[in-house]
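Here's the letter readout for the chains.
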Amino acid sequence: MTATSQAPDYGPEEAASEVPKVPTGPSGEGAASAPTGEEQAPTATPEAPAPAAPEAPDHGPEEPASEMPTGPTGPSGQGAAPEPTGEEQAPTATPEAPAPEATKPAPRSEDVPSAPLQLTIEDVSDSSVTVSWEPPERLGSQGLQGYMLELRKEGASEWVPVNARPMMVTQQTVRNLAPGDKFFLRVAAMSLAGAGPPATLDQPIHIREIIEAPKIRVPRHLRQTYTRQVGEMVNLQIPFQGNPKPQVSWTHNGQALDSKRVSVRTGDQDSILFIRSAQRSDSGCYELTVRLETLEARAAINILVIEKPNPPSSIRLVDVWGCNVALEWTPPQDTGNTELLGYTVQKADKKTQQWFTVLERYHPTTCTVSDLIMGNSYSFRVFSENLCGLSDSPAVTKELAHIRKTDIVAKLKEFVERDFSEAPSFTQPLADHTTTSGYSTQLSCSVRASPKPKIIWMKNNMNIQGDPKYRTFSEQGVYTLEIRKPSPFDSGVYTCKAVNMLGEASVDCRLEVKGEGWRRVSP
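Residues numbered from 1 in each chain as written. Predicted model: local features only at pLDDT ≥ 70, side-chain atom pairs only at ≥ 80, totals over all residues. Heavy atoms only, no water.

Taking an unreviewed UniProt entry as the reference, the chain is identified by name as Myosin-binding protein H belonging to Cnephaeus nilssonii. If you open the UniProt record of the chain and go to Sequence similarities (unreviewed entry), you find "Belongs to the immunoglobulin superfamily. MyBP family." We quote the UniProt Function (unreviewed entry) comment for the chain here in full: "Binds to myosin; probably involved in interaction with thick myofilaments in the A-band." (UniProt positions renumbered as here; feature names shortened; annotations may be inferred.)

Laid out in structure tokens, this is it:
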């Protein structure tokens, strides 16, 4: 860029050497013969500006005369030259070539952009760095073409471009770096007139290997005791984190693993503990340690290998009374390497030999079985139960429990006869009633008496027993008088009297029959 920004400062002799010379005449006065019309065209082209024309050096007054071309002198010394031919004039036009690139004028400061602003490091990893910047304050008269990011390693003098051509971005990531690299970065804005001044980071960038502290991520189902049955496979995959790759180790109850039974495979991001066929001895605490230099992480995983329990050690009949049996047993010697969920008690009739469950997951070691059938004999058995299920065999009573029939003697108490005699009393009296002529109606009341009373119905204190117009009936102590198709003549006071040997009682009510133009017709 510096080669094109300043014009070369030629001396007096160098500037003159760039001008082509013309042959002098025989007289030595530099008089050249007049060219022909065809020869004028080539001689007009050498009027191109000299390389240093924009800034011509300050020559002395005699230097321009010495630089004048001289032609060959003639015999008379007047400088008269012979008239050249057309073929001889052509070469005189070719020496005037265009000026070299080094002589181009330097771009003006207003043509190129200014330096980008706020060159900042955004992110540094173990293999890349990201920088950003703001556009320059002045874009230049030629406009912004893009940005060029350059890198120079510490101790070197050469700037190496990161991007092959200008890019219209204000953030860029330099990749494929190696840990330990130390370098400077700069960015310059580009335009058609050239590159502006760069913006350079003050401090070098150092690529370091990022150390990530080790961390173990225990799966949720392994945060509690991991239970497996004897003979089952154990396959634990424990993810972990750490950079660079940490050292991984396992222990079982604080001791090294038995490589004959347990195998471990560790990758970059997880460690797998594998047991092909688990045994009860594999139970315990397995601890995973992930270590990176002075940092480490630990995780403990509890594994419990279980199997079915043994049956209760013994069982016996404690007592038999009525329809009840008392049983007692002792816990099993081996619970299968885990706690018992309880006991299952069953009974079987000697006749049917079918077992029926009486109690499930029963925790005490004594129980009472009730509601047994008299005259039958029963056997009893008890199973132990844990997470694997019931024990393979039960504990069975050696003797049978006989439920005997007992003689039932009825003890009769002396019977005291009670006197229920009672005088008549009305528990529901008659109620006043209004009806319409021609529609049958009923009057009802309820009587309580012992012995059963005699019922007498009266109208206006006159006995109406036997009158076909009236019908009487009773049910459960309720007595009813039915008046068939009453007329206004049947209105009045009706009385019901109840009489027995202990006394009498009566109730009455008023009946009103409404109707007009009615005449009694004899049946």
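Peer 1: Please explain the overall build of the chain as it appears in this structure.
Peer 2: The secondary structure content of the chain amounts to five helices and 35 strands. A total of about 33600 Å² of accessible surface is found on the chain, and carbon and sulfur atoms cover 49% of it. (Helix = DSSP H or I, 4+ residues; strand = E, 2+ residues; numbered from the N terminus. Areas by Shrake-Rupley, 256 points an atom, 1.4 Å probe, with all protein chains shown as cover.)

Peer 1: Explain the nonpolar core here, please?
Peer 2: In a soluble, globular protein the nonpolar side chains are often hidden away together inside. Of all hydrophobic cores here, the largest spans 21 residues; its most connected members are I216, L236, I238 and I303. Contributing elements (two or more residues each) for this core: β12 (234-243), β15 (270-275), β16 (284-292) and β17 (295-306). The element contributing the most residues to this core is β17, with five residues. In contact with I303, not counting residues within four places along its chain, are Y226, V234, L236, D282, S283, G284 and Y286. (Core = buried A, V, L, I, M, F, W, Y, C linked by side-chain atoms within 4.5 Å. Buried < 20%, exposed > 50% of the residue type's maximum accessible area, 1.4 Å probe, protein only. Contact = heavy atoms within 4.5 Å.)

Peer 1: Mind showing me how you'd approach the sheet that holds strand β5 (residues 171-174) here?
Peer 2: Paired through backbone hydrogen bonds, the strands of a sheet run either parallel or antiparallel to each other. Strand order in the open sheet made by the three strands is β1-β2-β5, with antiparallel pairing throughout. Two strands in the sheet have a free side with no partner beyond their single neighbour: β1 (117-124) and β5. Pairwise comparison of adjacent strand axes, ignoring direction, gives a mean angle of 20° for this sheet. (Pairing = 2+ DSSP bridges. Axes fitted to C-alpha atoms, helices over the stretch in contact; angles between N-to-C directions.)

Peer 1: Looking at this structure, how should I read the packing of aromatic side chains?
Peer 2: Applying the stated rule across the entire model yields five aromatic pairs. Between Y470 and Y494, the aromatic rings sit 6.2 Å apart at their centres with planes inclined by 65°, giving edge-to-face as the arrangement. Separated by 24 residues along the polypeptide, Y470 in strand β32 (residues 470-475) and Y494 in strand β34 (residues 492-500) bring together distant segments of the chain. You can call Y470 buried: its relative accessible area is 11%. (Phe/Tyr/Trp six-rings, centres within 6.5 Å; stacked < 30°, edge-to-face > 60°.)

Peer 1: Sorry if this is basic, but what is going on with the sheet that holds strand β22 (residues 366-369) here?
Peer 2: If you trace the three strands from one edge of the open sheet to the other, you get β18-β19-β22, paired in antiparallel fashion. Pairing within the sheet leaves two strands with one partner each, and these edge strands are β18 (315-321) and β22. This sheet shows a mean twist of 20° between the axes of neighbouring strands, independent of strand direction. In this sheet, β22 lies alongside strand β19 (residues 324-329) in antiparallel orientation, the contact comprising four bridges. Residue pairing in the sheet places A326 in a bridge with T368 of β22.

Peer 1: Would you explain the environment of N176 in this entry?
Peer 2: Relative to the assigned elements, N176 resides in the loop between β5 and β6 (182-191). The class of N176 is exposed, set by a relative accessible area of 78%. In this structure the C-alpha to C-alpha distance between N176 and S128, which are 48 residues apart in sequence, comes to 6.3 Å.

Peer 1: Please clarify how unusual backbone geometry should be interpreted in this entry.
Peer 2: With the exception of glycine, most residues fall at negative phi, and the peptide bonds are largely trans. Following N243, the chain continues into P244 via a peptide bond in cis, with omega recorded as 0°. Its location among the elements puts P244 in the loop between β12 and β13 (247-252). P451 follows S450 through a cis peptide bond whose omega is 0°. Note that P451 resides in the loop between β29 (441-450) and β30 (454-459). Phi at N460 is positive, roughly 50°, even though this residue is not glycine.

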